[in-house]
There are 4 protein chains.
Amino acid sequence: MSGNTFGRLFTVTTFGESHGPALGAVVDGCPPGLAINEADLQGDLDRRKPGTSRHTSQRREGDEVRILSGVFEGQTTGAPIGLLIENMDQRSKDYSKISELFRPGHADYSYWQKYGTRDYRGGGRSSARETAVRVAAGGIARKYLLERLGIEIRGWLSQLGSIELALEDWASVDTNPFFCGQPERLPELEAYMDGLRKSGDSVGASVGVMARNVPPGLGEPVFDRLDADIAHALMSINAVRGVEIGAGFESAAQKGTEHRDEITPEGFLSNHAGGTLGGISTGQDVVARMALKPTSSIRIPGRSVDIHGDPQEVVTTGRHDPCVGIRATPIAEAMLALVLMDHYLRHRGQNADVDSGTPVIPARVDD
Amino acid sequence: MSGNTFGRLFTVTTFGESHGPALGAVVDGCPPGLAINEADLQGDLDRRKPGTSRHTSQRREGDEVRILSGVFEGQTTGAPIGLLIENMDQRSKDYSKISELFRPGHADYSYWQKYGTRDYRGGGRSSARETAVRVAAGGIARKYLLERLGIEIRGWLSQLGSIELALEDWASVDTNPFFCGQPERLPELEAYMDGLRKSGDSVGASVGVMARNVPPGLGEPVFDRLDADIAHALMSINAVRGVEIGAGFESAAQKGTEHRDEITPEGFLSNHAGGTLGGISTGQDVVARMALKPTSSIRIPGRSVDIHGDPQEVVTTGRHDPCVGIRATPIAEAMLALVLMDHYLRHRGQNADVDSGTPVIPARVDD
Amino acid sequence: MSGNTFGRLFTVTTFGESHGPALGAVVDGCPPGLAINEADLQGDLDRRKPGTSRHTSQRREGDEVRILSGVFEGQTTGAPIGLLIENMDQRSKDYSKISELFRPGHADYSYWQKYGTRDYRGGGRSSARETAVRVAAGGIARKYLLERLGIEIRGWLSQLGSIELALEDWASVDTNPFFCGQPERLPELEAYMDGLRKSGDSVGASVGVMARNVPPGLGEPVFDRLDADIAHALMSINAVRGVEIGAGFESAAQKGTEHRDEITPEGFLSNHAGGTLGGISTGQDVVARMALKPTSSIRIPGRSVDIHGDPQEVVTTGRHDPCVGIRATPIAEAMLALVLMDHYLRHRGQNADVDSGTPVIPARVDD
Amino acid sequence: MSGNTFGRLFTVTTFGESHGPALGAVVDGCPPGLAINEADLQGDLDRRKPGTSRHTSQRREGDEVRILSGVFEGQTTGAPIGLLIENMDQRSKDYSKISELFRPGHADYSYWQKYGTRDYRGGGRSSARETAVRVAAGGIARKYLLERLGIEIRGWLSQLGSIELALEDWASVDTNPFFCGQPERLPELEAYMDGLRKSGDSVGASVGVMARNVPPGLGEPVFDRLDADIAHALMSINAVRGVEIGAGFESAAQKGTEHRDEITPEGFLSNHAGGTLGGISTGQDVVARMALKPTSSIRIPGRSVDIHGDPQEVVTTGRHDPCVGIRATPIAEAMLALVLMDHYLRHRGQNADVDSGTPVIPARVDD
């Protein structure tokens, strides 16, 4: 299959450009009998959408999703689920100046070289706007995973520029526009963002995401490991430049005695592995983190060239996020949900014979 | 397709366990007319194989690969290429004690929960020994990429435990068992490893890998981005816990003015992106890094449980690498070659109409 | 990928039910630079749509397709092309009686057993209405194949009930609602259909389809042969029960001296193979034929059961085609176009190195 | 994935040429816990292998299969199963004359045009010899389907040249080299074949194949229908030119009242559908038939050209089957087993939530 489909048994195919008439997705392979409606998906869409605080892009999008197929009398039927989000705010005149220009840090140049053409209206297909339908599609997976398996998926902002953030308070994450789990540091973040916006510059971020109550056994060695597919999924989000699972890059400096997660009859004593061993889930929390680069669209002039190779100065004046990482948390959650859903269906397809019963040990983690 | 196949148009399917009769791979989709023989593949296999220095496992394996099909009169025919490596050193008696034991940090527990059974001889399918055939398969891709496109792929050890290593001297990388590009620091590494071996502990590492002369245009947005597939590929290597592209996790703390790679008619002025924008290669060097956890098989006792959930003490006495990262460089190179090869064929399948001609700008990098 | 996607490199994913809000398709992998608009696709849609003669269903559907993405300034961009056809005629009240009934010859029973539920409105996902978006998607492939490679794809009605029909006059095929290539027999067909409609019964049909100017080399042995993929494609059309290539079932009674297509410097002397040898196109015309069963929805009562296993009498009163084969010709053409397009892109991805140049022999056929 | 892999969740990848060192297959996705050994697979291999009667090729092949991986202590582990059959009878000198010649009816010309090269030793990859490993791989699926689900798969010769054969006696099918189910007609078949051999000509055939006790619900609409995948599978067998399901091509002349399989509480009253409705199994017998062309390698001279386009006379003197259809029955069974196995795993992956319980009606067939 071509590049716009994700998954093997539970698949999501997306289409649409930032300034075209609509974005859409086809979710195929969803088990029948799941109660789902537009409202179920709207919550996460609203968490991702721009313009909800002064710290994100002021582009106005309703991001209202319609379910076009695959749901009958309120339940999935097993048929593919068509999802559609119409674009409202298509001020394409804003983008006319850049039609022959390659903006640094954008996909303009690489698309041009690949396709010999590009939809220059606001990034077209390369725009992060495409992730809206990922969030909608992921919402279906999340609902299934939660209702049928009790799997909870949560993300949080773990770093904003140079400010590292701990996850201290789950409940607070969804009560602030940063998805920050340290509520006492919100004033610091707001001040930082206000200063940044004033400067005209942008900044990177990192986002953590985890899944609880994942049953052991998900993941297909050797290539389609759960962790490898998570890496694929998160790295496919716009602006992501790094992905780690569990102890991640810190593992490089660890000793075996420190890293290996010892096991007792009461459960694992630590979770440096991040919930997978040999690419298969262990029942521990699946924990990943991703790093996002700073927005390339900034007001501070930069050097570039046009399609003729001539030097040009670039200044971006549109409505852009000074930190794309802020709105990335629901996207990371959606992608993790898609990976888990696909692997759950694959696992039960291949291994439903196995009398897995109760896992040998509980998944308790004592860090 | 199931979990043991990598790629879409240029695919590699592997099979085999560490202590079974043989490991193998099927390479499908290789263009016809490539001159290839066993000797072409043996070089990288020898770089990866154990027992070549005192710092790696003393297991003795010839790792001699046979080509069973797909090559006729010294050239590929377009038919699938069957590769086979017979296992020589199958001392399965070493492993009898662990048949009911879950070794911490190993895939024992997750395989058991997934499959209800496991091949306990030395890790079976989850052993890093499986990567031998990846290296052989990757060798085919490397030869094609080099001969037809001039793409050079090189890896190096970028961190050994807490010792960070720069890449100062390409030529030296292949002249030492560490794949270290700072030859003056070899005594330091040797002393470190000797101490580690004495202590019975193990340590993590990180490995960098890059590709030069990659043409612009490789990668399929939005899910099968070049960078996302590299993340998938590298994270699918045993023990890898993190992957980054270009500036990677440092991007999180960078400003847009710093990160965006400005463009001039003479080329890009920096390469924080790591060679891809919007998931498509730009012509710059593709640069990635991966972190590997420390070997879990160590002599120092650890707590675990058996298949009945009863507590057990684990001590590993076999012939293991104290740092799996040391031998991982050729594997990373092979996986990067597989990703590039697959995307090159996909790209030309979809975009051969495009008169790409000379890229608009050269790919010169001035960091 | 799941069951609603066709193709590997040029893929089509469809969604939508006969009585839902819309049908849609995502066409992924289309090369950039192809001029395409809605009008280009509408022609084939109009050829397929119901209600254009008294011999087909009187359901009224505009079957107007909208292109939602992947086309910019009149040309494809390489991004996925979203297609949408809104359903106009959704008289779902017609179908209320059958919600608990399994209609003989329909997918009611098999869907119910598979999914535990079904969208009973007019067949839902199993309705031939789904093929409308296949025709739209196929139209993109057809245009590419014709403009870039000169490949012409044509279908015709080769049998209506017991009436066998030759293809004598290409030009006439599109001038009658039967896609009949023997214009002098039209009165016979009309009389036959009028009698059939009066009787309340339905009848089967067979449809031929061929492609001219197919370059040699398309098809991937050993499983994804061109002929095997054509068989897959045609058998995936509703009501199709048989597919043959070239001499097809007549081959069983042929001798080798008769069947083998001898070759001369002027070309092949016959085309019993139907344009493929070893699953790869030879440059001869690709010729296939498919048999369609009679419509199961008829006015004549039949025995069945309901979801409780109780016996029921079934009488269908809706607006149905007395012969689904009549409208199947554009669908067969679309599916053949999709197969050829996918294989053309795969072939050039894998074999663009081959200096194919002029085929060794011309493809002239002298039957 | 490339062209040498079949299936999505239960996949088979084959490699090897007729006169190379070995043929092989990788079976991926097999559930763990299936007892399997070489002897289980050898039976079907022996049924397919040449030289067992005077009516087939006199090539001598042991066709002994080795299991290289994926089986531990006599049971599948869930890891990929490597299968290897070494070629014994590689008299490549027989083929030296044809290295520049295109034999009519063979893949010589199409491979040459596609790949610019070909392995001319006895057909290389295009040889029916490749089907040996399909039979071995299919044996794994057959054993699973039989032991876990009670599915029986049987094939029979339904036509030899112009001689049509009924299936009257299942038990006799495996007791004669023709797989003929009308034992009283064996002398007729033998006389026919003896005459054919004397004449130097060859003849086509058709083979039927069926599966009993298939549970309802297998098959994925709309493209990966069970019947469409069967068509794909059977048409991928060398020399097959037509495939039909149930009433097949006879459907074209049938009326709806005749074709639709009425349903009663005791079961379906007929099986014109061939066991699928809407592409999903109904619980009835799955019945298919395929037509095979006559062998192209015959002693009677024929016209052809060489790679320079110059005319040549072709006479084949090797050891060839005068009717490839005779040995095709086990191959058809194997391919049907692969399709059913793949769809069973996919079905239970997607639909294990559905409380299918007892089918609404039994699958009794009263033709």
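Residues numbered from 1 in each chain as written. Chains lettered and ligands numbered in written order. Predicted model: local features only at pLDDT ≥ 70, side-chain atom pairs only at ≥ 80, totals over all residues. Heavy atoms only, no water.

## Here's the deal with the overall build of chain A
Part 1 of the reasoning: Tallying secondary structure elements over chain A gives eight helices and 18 strands in all.
Part 2 of the reasoning: Computed over the C-alpha atoms, the radius of gyration of chain A is 21 Å, within 12% of the 21 Å expected from 2.2 N^0.38 for a compact globule of 367 residues.
Part 3 of the reasoning: Seen along its three principal axes, the alpha-carbon backbone of chain A occupies a region of about 65 × 50 × 35 Å.
Part 4 of the reasoning: In chain A, buried positions account for 71% of the 367 residues.
Part 5 of the reasoning: Residue pairs in contact within chain A that sit at least 24 positions apart in sequence constitute 71% of those at least 6 positions apart.
Part 6 of the reasoning: Carbon and sulfur atoms make up 48% of the accessible area of chain A, which amounts to about 10600 Å² in all. (Helix = DSSP H or I, 4+ residues; strand = E, 2+ residues; numbered from the N terminus. Rg over C-alpha atoms; globule rule 2.2 N^0.38 Å. Buried < 20%, exposed > 50% of the residue type's maximum accessible area, 1.4 Å probe, protein only. Contact = heavy atoms within 4.5 Å. Areas by Shrake-Rupley, 256 points an atom, 1.4 Å probe, with all protein chains shown as cover.)

## As for the sheet that holds strand 1 (residues 5-6) of chain A
Residue and element names in this part refer to chain A.
Part 1 of the reasoning: One open sheet holds the five strands; their spatial order is 1-2-3-7-4, and the pairing between them is antiparallel. The open sheet has two edge strands, strand 1 and strand 4 (65-67), and neither has a second partner.
Part 2 of the reasoning: Pairing geometry for strand 2 (residues 11-16) and strand 3 (residues 22-28), over six bridges, is antiparallel. Bridge assignment links Gly 16 to a residue of strand 3, and that residue is Leu 23. (Pairing = 2+ DSSP bridges.)

## Observations regarding the relation of the copies chain D and chain A
Each of the two chain copies goes to the other by way of a rotation about an axis and a shift along it.
Part 1 of the reasoning: Superposition record for chain D on chain A: RMSD 0.0 Å, screw rotation 180°, translation along axis 0.0 Å. Such a combination of turn and shift is consistent with a two-fold rotation axis. Considering only C-alpha atoms, the residue of chain D closest to the rotation axis is Gly349(D), which sits at 1.8 Å. (Least-squares fit on C-alpha atoms with pLDDT ≥ 70 in both.)

## Points about the relation of the copies chain C and chain D
Part 1 of the reasoning: Overlay of chain C on chain D (RMSD 0.0 Å): rotation 180°, translation along the axis 0.0 Å.
Part 2 of the reasoning: Of the residues that chain C buries at the interface, 100% are likewise interface residues in chain D, meaning the two copies contact each other through the same surface.

## Things to note about the packing of helix 8 (residues 329-351) of chain B against helix 8 (residues 329-351) of chain C
Part 1 of the reasoning: Between helix 8 of chain B and helix 8 of chain C, the least distance of the axes is 7 Å, while the angle of their chain directions is 130°. In terms of orientation, helix 8 of chain B and helix 8 of chain C fall into the oblique class. The hand of the helix 8 of chain B/helix 8 of chain C crossing is right-handed. Two secondary-structure elements touch here, helix 8 of chain B through Leu345(B), Arg348(B), Gly349(B), Gln350(B) and Asn351(B) and helix 8 of chain C through Leu345(C), Arg348(C), Gly349(C), Gln350(C) and Asn351(C).
Part 2 of the reasoning: Here the residues of the contact of helix 8 of chain B with helix 8 of chain C are counted per class, giving two nonpolar, six polar and two charged. (Axes fitted to C-alpha atoms, helices over the stretch in contact; angles between N-to-C directions. Parallel < 35°, antiparallel > 145°, perpendicular 65-115°, else oblique. Left-handed = near helix turned anticlockwise from the far one by under 90°. Nonpolar A, V, L, I, M, F, W, Y, C, P; charged D, E, K, R; others polar.)

## Side note on the sheet that holds strand 10 (residues 205-212) of chain B
Part 1 of the reasoning: Within the open sheet, the 10 strands sit side by side as 9(A)-8(A)-10(A)-16(A)-11(A)-11(B)-16(B)-10(B)-8(B)-9(B). Their pairing is antiparallel. Each edge of the sheet is formed by a strand with only one pairing partner; in this case those strands are strand 9 (163-164) of chain A together with strand 9 (163-164) of chain B.
Part 2 of the reasoning: Summarising the sheet, strand 11 (residues 240-245) of chain A and strand 16 (residues 286-292) of chain A pair through five bridges and their orientation is antiparallel. Considered in strand 16 of chain A, the bridge of Val240(A) is made with Leu292(A).

## Here we look at the interface of chain C and chain D
Part 1 of the reasoning: In this complex, chain C contributes 113 residues to the contact, which on the side of chain D involves 114 residues.
Part 2 of the reasoning: Across the chain C to chain D interface the summed buried area is about 8900 Å²; carbon plus sulfur atoms make up 60%.
Part 3 of the reasoning: Per-residue buried area on chain C facing chain D is highest for Lys114(C), Phe223(C) and Arg241(C); these three make up 11% of the total on that side.
Part 4 of the reasoning: Here chain C is connected to chain D by six salt bridges.
Part 5 of the reasoning: Residue Arg303(C) pairs with Glu262(D) through a salt bridge whose shortest N-O separation is 3.4 Å. (Buried area = accessible area lost by both parts, 1.4 Å probe. Salt bridge = Lys/Arg side-chain N within 4 Å of Asp/Glu carboxyl O.)

## Thoughts on the pairing of strand 17 (residues 302-305) of chain A
All names here are of chain A.
Part 1 of the reasoning: As paired elements, strand 17 and strand 18 (residues 311-314) share four bridges and run antiparallel to each other. From the neighbouring strand, Gly 302 faces strand 18, where its bridge partner is Val 314.
Part 2 of the reasoning: The loop that links strand 17 with its antiparallel partner strand 18 comprises five residues; one of these, Gly 309, has a positive phi angle of about 85°.

## Some remarks on the UniProt feature "binding site: FMN" (unreviewed entry) in chain A
Residues and elements named next belong to chain A.
Part 1 of the reasoning: The feature "binding site: FMN" (unreviewed entry), as given by UniProt, occupies Arg 125, Ser 126, Ser 127, Asn 238, Ala 239, Gly 278, Lys 293, Pro 294, Thr 295, Ser 296, Ser 297 and Arg 319 in the numbering adopted here. These annotated residues cover 195 residues of sequence, and their C-alpha atoms reach 44.1 Å apart at the extreme, placing them across more than a single site.
Part 2 of the reasoning: Within the fold, Ser 127 resides in the loop between helix 2 (108-115) and helix 3 (131-149).
Part 3 of the reasoning: Setting aside residues up to four positions removed in sequence, Ser 127 forms contacts with Ser 18, Gly 122 and Asn 238.
Part 4 of the reasoning: Structurally, Ser 297 is set in the loop between strand 16 and strand 17. (UniProt positions renumbered as here; feature names shortened; annotations may be inferred.)

## Let's talk about the interface of chain D and chain A
Part 1 of the reasoning: Between chain D and chain A, the residue contacts involve 17 residues of the former and 17 residues of the latter.
Part 2 of the reasoning: With both sides pooled, the region where chain D packs onto chain A buries about 1300 Å², and carbon together with sulfur makes up 48% of that total.
Part 3 of the reasoning: At the boundary of chain D and chain A, one finds four salt bridges.
Part 4 of the reasoning: A salt bridge links Asp353(A) to Arg148(D); its shortest N-O distance comes to 3.2 Å.
Part 5 of the reasoning: Across the chain D-chain A interface, the total number found is 15 residue pairs in polar contact (both at pLDDT 80 or more).
Part 6 of the reasoning: Among the residues making up the side of chain D that touches chain A, the classes are represented as eight nonpolar, five polar and four charged. (Polar contact = N/O pair within 3.5 Å; in protein donor to acceptor, adjacent residues only side chain to side chain.)

## Remarks on the pairing of strand 2 of chain A
All names here are of chain A.
Part 1 of the reasoning: The buried fraction of strand 2 amounts to six of the six residues, a majority that puts the element mostly inside the structure.
Part 2 of the reasoning: Burial along strand 2 is two-sided: Thr 11, Thr 13 and Phe 15 and Val 12, Thr 14 and Gly 16, pointing in opposite directions, are all buried.
Part 3 of the reasoning: Examined bridge by bridge, strand 1 and strand 2 share two bridges and lie antiparallel to one another. Its bridge partner being in strand 2, Phe 6 is matched across the sheet by Val 12.
Part 4 of the reasoning: The turn linking strand 1 back onto strand 2 is made up of four residues, and Gly 7 within it adopts a positive phi angle of 100°.
Part 5 of the reasoning: Linkage of strand 2 to strand 3, two consecutive antiparallel strands, is achieved through a turn of five residues.

## Quick look at the packing of aromatic side chains
Part 1 of the reasoning: Tallied over the full model, the rule gives 34 aromatic pairs over all chains.
Part 2 of the reasoning: Between the aromatic rings of Phe6(A) and Phe223(B), the centroid separation amounts to 5.4 Å while the plane-to-plane angle is 50°, which identifies the pairing as tilted. Of this pair, Phe6(A) sits in strand 1 while Phe223(B) sits in the loop between strand 10 and helix 6 (226-235), each in a different chain.
Part 3 of the reasoning: Plain terms: the ring middles of Tyr144(C) and Tyr344(C) are 6.3 Å apart, the flat faces sit at 45° to each other, and that makes the pair tilted. Highlighted residues: Tyr144(C) in helix 3 (residues 131-149) and Tyr344(C) in helix 8, separated in sequence by 200 residues. Each member of the pair Tyr144(C) and Tyr344(C) is classed as buried. (Phe/Tyr/Trp six-rings, centres within 6.5 Å; stacked < 30°, edge-to-face > 60°.)

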